[in-house]
Amino acid sequence: MEAKVKVNGLSFVPYLKRDEIERQVKRVAAELRQDLEGKEPLFLCVLNGAFIFAADLIREVGINECKINFVRYSSYSGTSSTGKVKEIMGLTEDIEGKDVVIIEDIVDTGLTAEMMMEDLRSRKPRSIKFVTLLHKPESSKTGFKPDYAAFEIPPKFIIGYGLDLDGKVRNLSDIYVIDED
Ligand code: IMP
């Protein structure tokens, strides 16, 4: 693990180590495995940030009958915090009657999550569960609560394990938090 990561002139310090991430991914996977027993879930990995988490989580859940789609939401640009989902890209499956599991990297204000849930509900799945790697409950503007969260964290900016700053540093195996000192 790097002692400090510098990106775009900002400094980040270690926050969640790889082995701790692995432990929590295993915990969430065990809960999902139990709750999805007998089902053939459709995992929706939300790009870009969730790709590493989703890869680890889905393999750990270990349901061979699952399907996986990679989706990306685009919001109307130029709108304020109440922006609307413009389009869902990459959803190749008809989700009507399916057990859908959304895999996200982070829930911050909860606005993205709320928009996604609204859009997906209108497509009439049998059930929708929302899994996130990180949840910042204190940042919530919506009261949205994910069904599963690997970590609850304070409202600080973090990077690594799929999460980016300006598209960079998603490759880091550990999670780093912005150095406010
Ligand atoms: P929300 O709509 O405010 O919940 O924001 C969700 C999105 O904001 C995430 O999918 C991330 O792309 C981004 N985001 C929020 N907090 C962070 C962070 O600490 N690091 C990196 N991206 C973040």
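Residues numbered from 1 in each chain as written. Predicted model: local features only at pLDDT ≥ 70, side-chain atom pairs only at ≥ 80, totals over all residues. Heavy atoms only, no water.

Undergrad: Any chance you could explain the pairing of strand E6 (residues 99-107) here in plain terms?
TA: For a regular strand, side-chain orientation follows a simple rule: the groups alternate between the two sheet faces. Most of E6 sits inside the fold, with nine of its nine residues counted as buried. The sheet contact formed by strand E3 (residues 42-46) and E6 spans four bridges and is parallel. Across the sheet, leucine 42 pairs through a bridge with valine 100, a residue of E6. Pairing analysis gives eight bridges linking E6 to strand E7 (residues 127-135), with the strands arranged parallel. Along E7, the bridge assignment pairs isoleucine 103 with valine 131. (Buried < 20%, exposed > 50% of the residue type's maximum accessible area, 1.4 Å probe, protein only. Helix = DSSP H or I, 4+ residues; strand = E, 2+ residues; numbered from the N terminus. Pairing = 2+ DSSP bridges.)

Undergrad: Is there a simple way to think about the pairing of strand E10 (residues 175-178) in this case?
TA: Bridge count between strand E2 (residues 10-16) and E10: four bridges; the pairing is antiparallel. Residue pairing for E10: phenylalanine 12 is matched across the bridge by isoleucine 178. Alignment of strand E9 (residues 158-159) against E10, held across two bridges, turns out to be antiparallel. Residue pairing in the sheet places isoleucine 159 in a bridge with tyrosine 176 of E10.

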